[in-house]
Structures are given as C-alpha cells and as structure tokens.
Amino acid sequence: MTFRRLATSNIRGSWHRYSAYFLSSAFAVMIFFVYAAFIYHPDVVNGNIRGGDSVQKMMVACEYLIIIFSFFFTLYSSSAFLKSRQKEFGLLTLFGMTKTQLRRLVFYENMIISSLAILVGIGIGTVATKLFLLAMSRILGVESPMRFYIDSSAIILTVVGYLVLFAAISLFSLRKVGRTQIIDLIHSEKQPKTPPKFSWVLVILALFSLVLGYGLAFVTNIELFIATALPTIGFTVLGTYFLYTQLSVAIIRLLQKNKSFYYRRTHLLNVSQAAYKMKDNARVLFNVSILCTVILTATATFYAFDQGMKQQTLAGNPYVFTLGTPKNDIPVLLPELVKGWGQDDGFKVTDYAEVRHVRVELKGKQFEDDYTGMISVSDYNRLADILHTDQLSVTGKEAILVNQSRYGMYGTEVMEEPINEKKYIGPMKATINDTEHSMVLQVTKRLQQPVLDPGYYGFNLLVVEDPVIDQMYAAAPSRTARTIQVYNWSNWENSIKLEQKIRDHLPKEGSYSITSRVEMWNDYRHATSLTLFIGMFISLLFFIASGSVIYFKLFTELQDDQAHFRALTRIGLSIKEIRHVVTVQVGLIFFAPCLVGSMHTIFAMKTLSNLLMTNVMWYALIVVGMFVLMQTIYFLAARRTYMKKILEEVVI
C-alpha cells in the first residue's frame with residue numbers, strides 16, 4: 001500500500017474527526033473566493049458601479065481577516081488532530097515506520113483534506129457568487145444587476161493562497177511528529193489524571209472581576225467611556241478565565257458535597273465528569289467564550305445600526321417626499337404629474353397635502369425662539385390624518401405650540417434637559433421674519449409631535465386659526481412664507497427612480513427646499529446594509545469556527561470516553577443512562593461558552609445603549625436568540641455523531 005492510499009484510507013476511517021475541520025475550511029475558502037470574485041469583477045475594477053471602490057476596499061480588508069482566521073484555525077486544528085492520534089503514531093512506529101515516513105503520511109493526509117476543501121469551497125463559491133452579485137447589486141442600487149463573471153485572478157488567488165497556507169501550517173505542525181517515545185505514544189491515553197483543584201482566592205477574584213466588569217458596563221456612558229472601556233474589558237476577560245479554571249470547579253465541588261443531589265440517578269457521573277471536562281477544556285472554553293462575545297457584540301451592533309437607521313429615517317422624515325416653494329412662485333410640481341409617474345413605475349400615491357407656512361419670531365415672558373413656524377389648524381389636521389395623530393382645535397387668537405424635538409438614531413427623542421411646561425403657556429408675540437408685522441397670541445397648550453422637517457420649518461410650530469394664518473401669510477414676503485407639498489407613496493424604499501423623475505422636473509434654479517425619505521434611506525442603506533451583509537458572512541465563519549473548535553476537543557477525548565463508558569456498562573449502566581450522561585457532558589461543553597458569551601454581549605449592548613442614549617437591548621436579544629438556536633442545531637448534530645461513536649464501543 002502506498003502512502004497516498006494509506007492516507008486516503010485513514011481519512012475515510014476517521015471522517016468523523018475531520019468532518020468539522022473540512023467543512024469549516026471549505027466555508028472559509030468559499031467566503032474568500034466570493035469576495036475575491038467581487039474584487040476582480042470588471043464592473044468593480046472599471047468603476048462602473050457607484051460606491052464600488054469603497055466596497056472593494058472593505059472586501060480586501062475582509063480577505064486579510066479571513067486569511068488570518070484561517071491561519072490560526074488551521075494551526076489549532078492540526079495540533080488537535082496530532083494530539084488525538086498519538087496512540088496510532090506509536091503503533092505505526094512500532095511496526096517499523098520511520099519518523100520521515102510518519103511525517104510524509106500526515107502531510108499527505110493534511111494536503112488531501114486541504115485540497116478537497118479548496119475544491120469544494122470554490123465549487124460552492126461559484127454558485128454563491130451569482131447570488132452574492134445579485135444581492136450586492138440591490139444593496140448598491142445598481143440599475144441592472146451585475147453580470148455573473150468570475151475572473152481567473154480570483155481562482156488563482158484562492159487556490160495558491162490556501163495551498164501555501166495549508167502546506168506551511170502542515171509542515172510547521174510536523175515538527176512534533178515522531179519526537180515522543182513509542183511507549184509514551186501507545187500509553188498516552190492511559191496517563192492518570194489528577195483531581196481538579198481550585199483556590200478560594202482565585203474563585204473570589206473571578207466573582208469580583210465579573211461583577212466589577214459587568215458593573216462598569218452597566219454604568220458606562222459617554223463621559224465615562226474613555227476611563228472605563230479598558231478596565232471593563234480587562235476585568236471581564238480575567239473573570240471569564242478564572243470562571244472556567246477556578247469557579248466552575250468550586251461549584252462542582254459544592255454540588256458533590258450535597259449528598260441528596262449528588263447520589264441521585266446519574267448525577268454522580270455527570271458532576272464528577274463535569275469537573276474533569278471543565279478543567280481539561282478550560283482554555284478552549286475560555287477562548288471560545290471570548291470569540292462568541294466578539295461575534296455576538298459585533299453582529300448585534302451592526303444589526304442595531306441597520307435597524308436604527310431606518311427608524312431614524314422614518315422619525316426624521318414623516319413623509320416620503322416634501323417640497324417647499326415660496327408663496328409667489330407658480331406651482332413647480334403638480335400632484336397629478338406625481339400620481340401619473342408613480343402609476344407608470346408601479347408606485348401608488350397614498351397621501352397628499354398642501355399647507356401654508358410662515359416663519360416667525362416668537363417671544364414670550366420667559367421664552368424666545370427666533371426659528372418658529374406658523375401653520376393653520378386645518379392644515380395641521382390634514383397632516384395629522386396622514387400621520388395618524390390627534391387633531392387640534394383653536395379659536396380666535398388662541399394657539400397651540402407643537403414642539404418638533406430632535407429624534408435620536410432609533411426614533412427616540414433626545415432631550416438635553418427637563419422642559420418647564422409652564423413657561424410656554426401664556427401670551428406670545430409672533431413677528432413675521434424680516435418685517436414689523438406681528439400678532440399677539442394666547443398659547444393654551446404645548447405638545448410634542450414631528451410634523452414637518454425642523455431643519456427647514458422650525459423646531460417649534462405655532463398652530464393657529466385659519467383667519468390668522470390668512471392674515472400672516474398675506475403680509476409675509478415670499479422668502480418667509482412658503483407653500484409646502486407632502487407626498488406618501490407605496491413601496492417607497494425602492495422608489496429612487498420616481499424621486500429622480502420629480503427632481504428632474506424641477507427647475508435647475510429656484511428657491512425651494514426638498515426633504516426626501518427615499519434619498520436619506522438609500523444613503524443609509526448603502527452604508528449599514530452593506531456592512532451588515534458583508535459582516536454577516538464573517539460572523540458566520542467565526543461562529544462555525546467556534547463550534548468546530550469545541551467539536552475537535554470533543555473528539556480528541558473520544559477514545560478515553562469510549563473506554564470509560566465501556567467500563568460503566570460492565571457494572572450495569574443502561575444505554576438510556578449512557579445517552580443521558582453523554583447529552584449532559586456534550587451539552588455542557590457546547591453551551592457553557594454560548595451562555596457566557598451571551599451574557600457578556602448583553603452587558604456590552606447595555607454600554608452601547610448608554611452611549612447612544614437609547615435602548616438597543618431588543619436587537620441584542622434577537623441576535624443572541626438566533627445564536628443560541630444555531631448553537632443548538634450544531635450541538636444536536638455533534639451529539640448525534642458522538643453518541644454513535646460511543647455506542648459502537650459499548651454495545652456488544
């Protein structure tokens with residue numbers, strides 16, 4: 001039998017050990033290839049798409065990140081595989097295989113798996129590239145989808161890059177092969193384990209570090225961020241390390257002292273094995289927990305910003321399209337034209353209103369604001385119907401002051417200081433800007449409601465009776481009084497063409513103002529959706545890697561666990577009880593870092609909420625929930641394979 005055939009036979013016989021590594025490597029190759037195909041796409045290289053240059057730079061940065069990840073992931077995987085095969089290496093050496101031949105065998109195995117991962121990754125990536133280009137065309141707002149094209153440079157870069165990477169790491173890992181004595185290799189799994197120990201001092205330090213880290217995360221705000229950021233991360237990381245190495249062992253020891261719990265059913269096996277599992281896997285669980293925290297926090301942050309931008313767009317733009325023109329201008333836009341264009345493009349105009357607006361200076365006993373708008377109560381009520389808010393009623397010289405407060409990133413109001421309502425109630429003098437014409441009004445009520453763009457029409461609106469606005473509008477110059485048209489239409493997120501038709505119809509020169517929800521949303525969508533879309537693949541890659549690391553560690557100890565359960569069956573342990581014990585042990589290894597990472601993420605998002613002065617915890621809970629669901633699926637798949645291997649040895 002040749003070395004190549006022996007290597008192939010070994011891979012087939014131990015596929016359960018290599019499967020997670022193979023799939024993770026193939027997935028990394030696939031993402032790398034898809035990004036490379038976009039980078040070398042002719043439309044991107046030639047600058048034929050808007051924003052393609054910035055996206056290309058982002059993709060290049062992701063390529064470096066994927067290569068760095070692949071290096072450490074492959075290095076860890078190779079070390080784990082070599083450690084789990086020490087007995088096998090000892091037997092091959094005993095049968096006469098030299099160190100050089102043993103290293104050749106391992107090198108062939110690694111390169112076969114790596115080559116298959118590259119081929120499968122590029123094959124799946126070729127199919128995924130088509131979908132990726134369609135998605136990128138939609139996100140970037142390209143009129144016609146980017147054509148399916150794969151440049152040979154993308155294939156060469158992927159193949160050469162990963163072949164060199166896998167070969168270099170394989171050669172580096174082979175230094176350890178053949179250095180250990182034969183007797184030590186053969187009896188490697190029989191080395192006795194010392195009972196796990198812990199220090200109460202380090203247990204207290206773990207609790208103190210976690211409580212302090214979480215406490216700092218809970219109270220951190222903009223003023224404290226610079227001073228608390230590094231201590232928060234430092235204490236949380238330190239507490240996490242001692243959580244696995246010390247605190248977990250202490251908790252298990254306390255459970256062992258609880259005789260009524262410890263000696264019930266299979267608790268004795270679960271708890272005693274958990275002590276060894278947690279101690280032996282402490283470093284792996286610590287690294288995976290920190291990796292999960294980074295993945296979840298980054299994903300939740302991207303998701304919060306993506307959703308928050310849309311809410312901010314809605315809060316800052318009550319209408320899809322708003323046009324303001326001086327009162328003396330001939331109407332530059334007829335609503336019939338907009339409705340016709342919308343019907344041609346498949347957009348139905350659902351709301352339209354035309355209101356009159358006068359810019360005034362408002363002065364009272366304790367209140368002065370030189371940036372206030374005035375509209376009639378009938379106009380306000382027409383807008384209220386569109387906004388689905390309560391209508392107002394005023395008589396004579398009464399007025400209602402509507403505050404259009406600035407709204408934060410997530411549609412929540414940002415208030416710098418408490419408002420004294422009483423100072424807004426009472427007589428107010430409204431003077432038309434740039435004139436001497438004024439009128440004294442009695443403000444009877446104040447409320448908060450976004451009605452018109454405050455940037456153009458004032459952070460406060462004075463709602464008055466129609467005869468009052470008739471008089472003020474007639475006396476105001478054209479630069480102070482404006483006619484405002486507001487439009488809403490269906491499927492506005494994808495109506496950039498309709499908006500462009502409206503803009504093209506407007507005269508090139510004119511004193512008019514435009515507020516467009518469509519334009520703002522498209523600008524935000526290019527930034528946030530693109531980042532979320534690209535980051536999603538990276539986060540998914542790291543998620544699969546974290547699960548694979550646990551999978552490797554699980555199967556590294558497979559032979560020991562098989563011998564352990566084989567001995568237990570001889571003293572009467574049933575298959576049902578074996579299944580229960582295996583489920584608990586595998587679940588502990590899979591879900592411990594998942595739960596710890598989720599908890600870290602919740603407090604990290606609490607800090608983000610404090611910094612943004614708005615609550616983003618809902619987005620964190622959604623991301624954490626999806627992560628737990630995916631981890632559960634990964635756990636069920638790993639448990640099924642692991643259980644099958646255990647039962648193959650214990651069922652006679």
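This text goes with the structure placed above it.
Heads up: these notes are all about the structure in this document.

The rules behind these values
- Residues numbered from 1 in each chain as written.
- Predicted model: local features only at pLDDT ≥ 70, side-chain atom pairs only at ≥ 80, totals over all residues.
- Heavy atoms only, no water.
- Helix = DSSP H or I, 4+ residues; strand = E, 2+ residues; numbered from the N terminus.
- Buried < 20%, exposed > 50% of the residue type's maximum accessible area, 1.4 Å probe, protein only.
- Contact = heavy atoms within 4.5 Å.
- Areas by Shrake-Rupley, 256 points an atom, 1.4 Å probe, with all protein chains shown as cover.
- Pairing = 2+ DSSP bridges.
- Expected span 1.5 Å × (residues − 1).
- Bend = angle between axes of the 7 residues up to and from the residue.
- Disulfide = S-S within 2.5 Å.
- Phe/Tyr/Trp six-rings, centres within 6.5 Å; stacked < 30°, edge-to-face > 60°.
- Lys NZ or Arg CZ within 6 Å of the ring centre and 35° of its normal.
- Core = buried A, V, L, I, M, F, W, Y, C linked by side-chain atoms within 4.5 Å.
- Axes fitted to C-alpha atoms, helices over the stretch in contact; angles between N-to-C directions.
- Left-handed = near helix turned anticlockwise from the far one by under 90°.
- Nonpolar A, V, L, I, M, F, W, Y, C, P; charged D, E, K, R; others polar.
- Salt bridge = Lys/Arg side-chain N within 4 Å of Asp/Glu carboxyl O.

## Remarks on the overall build of the protein chain
At step 1: The helix and strand tally for the protein chain stands at 22 helices and nine strands.
At step 2: For the protein chain, the proportion of its 652 residues judged to be buried stands at 50%.
At step 3: Contacts in the protein chain between residues far apart in sequence, at least 24 positions, make up 83% of those at least 6 positions apart.
At step 4: Summing over all exposed atoms, the protein chain offers an accessible surface of approximately 31500 Å²; the carbon and sulfur share of this is 61%.

## Quick word on the pairing of strand E5 (residues 426–432)
At step 1: When you tally the buried positions in E5, you get five out of seven residues, the bulk of the element.
At step 2: In the sheet, E5 pairs with strand E6 (residues 438–448) via six bridges, with the strands oriented antiparallel. Bridge pairing in E6 places Pro427 opposite Gln442.
At step 3: Between E5 and E6, which pair antiparallel in sequence order, lie five residues; one of them, Asp434, sits at a positive phi of approximately 65°.

## Description of helix H21 (residues 575–612)
At step 1: Under the 1.5 Å per step criterion, the end-to-end length of H21 is 54 Å for 38 residues, consistent within 8% with the ideal 56 Å.
At step 2: Along its length, H21 reaches its greatest deviation from straightness, about 35°, at Phe591, and the proline Pro593 lies no more than four positions downstream.
At step 3: Looking one or two residues beyond H21, the residue adopting positive phi is Met613, at roughly 55°.

## A look at the state of the cysteines
At step 1: The tally for this structure, following the rule as stated, stands at zero disulfides.
At step 2: Free of any disulfide, Cys292 has its nearest neighbouring cysteine sulfur in Cys594, separated by 6.4 Å.

## Focus: the side chain of Thr601
At step 1: With respect to the helices and strands, Thr601 occurs in helix H21.
At step 2: Leave out the neighbours within four places in its chain, and Thr601 touches Cys292, Thr293, Leu296, Thr297 and Val624.

## Examining the side chain of Ser70
At step 1: By secondary structure assignment, the location of Ser70 is in helix H4 (residues 52–84).
At step 2: Taking the relative accessible area as the measure of exposure, Ser70 reaches 3% and is therefore buried.
At step 3: Filtering out sequence-adjacent residues up to four positions away, Ser70 remains in contact with Ala28, Tyr162, Leu165 and Ile169.

## Thoughts on unusual backbone geometry
At step 1: A positive phi angle, close to 60°, is found at His388, a residue other than glycine.
At step 2: Within the secondary structure layout, His388 lies in the loop between helix H15 (377–387) and strand E4 (398–403).
At step 3: Although it is not a glycine, Asn491 sits at a positive phi angle of roughly 50°.
At step 4: Within the secondary structure layout, Asn491 lies in the loop between strand E8 (481–489) and helix H18 (496–505).

## So, the packing of aromatic side chains
At step 1: Applying the stated criterion to the full structure yields 17 aromatic pairs.
At step 2: Between Phe590 and Phe635, the ring centres sit 6.1 Å apart and the planes meet at 65°, which makes this aromatic pair edge-to-face. Of this pair, Phe590 sits in helix H21 while Phe635 sits in helix H22 (residues 617–650), and the two are 45 residues apart along the sequence. Each member of the pair, Phe590 as well as Phe635, is classed as buried.
At step 3: Aromatic ring contacts, followed pair by pair, group Phe543, Phe590, Phe591, Phe627, Tyr634 and Phe635 into a single cluster.
At step 4: Seen from the ring of Tyr473, Lys327 lies directly overhead, with NZ or CZ sitting 5.3 Å from the centre.
At step 5: Across the ring face of Tyr473, the terminal group of Arg356 is positioned such that the distance to the ring centre comes to 5.5 Å.

## Focus on the nonpolar core
At step 1: Among the nonpolar cores identified, the biggest contains 108 residues, and Tyr35, Phe38, Met59, Tyr162 and Phe590 are the most heavily contacted of them.
At step 2: Top contributing element to this core by residue count: helix H2 (residues 15–39), with 16 residues.

## Quick notes on the packing of helix H9 (residues 200–219) against helix H10 (residues 225–257)
At step 1: One can describe the packing of H9 onto H10 by two numbers: an axis separation of 7 Å at closest approach and a directional angle of 145°. The two elements H9 and H10 meet at a crossing, and its hand is left-handed.
At step 2: Its residues assigned to classes, the contact of H9 with H10 shows 17 nonpolar, eight polar and no charged.

## Side note on the pattern of salt bridges
At step 1: Applying the stated criterion to the full structure yields five salt bridges.
At step 2: One salt bridge in this structure joins Asp345 and Lys501, with 3.2 Å as the shortest N-O distance. Here Asp345, found in helix H14 (residues 335–345), pairs with Lys501, found in helix H18; they are 156 residues apart in sequence, far enough to count as distant.
At step 3: Looking at Asp345, the relative accessible area reads 29%, which means it is partly exposed.
At step 4: Ionic pairing is found between Arg503 and Glu499, a salt bridge with its closest N-O pair at 2.4 Å. A residue pair is termed a helical-turn pair when its members lie 3 or 4 positions apart in one helix, as Arg503 and Glu499 do in helix H18 at four residues.
At step 5: When its relative accessible area of 2% is taken as the criterion, Glu499 is described as buried.

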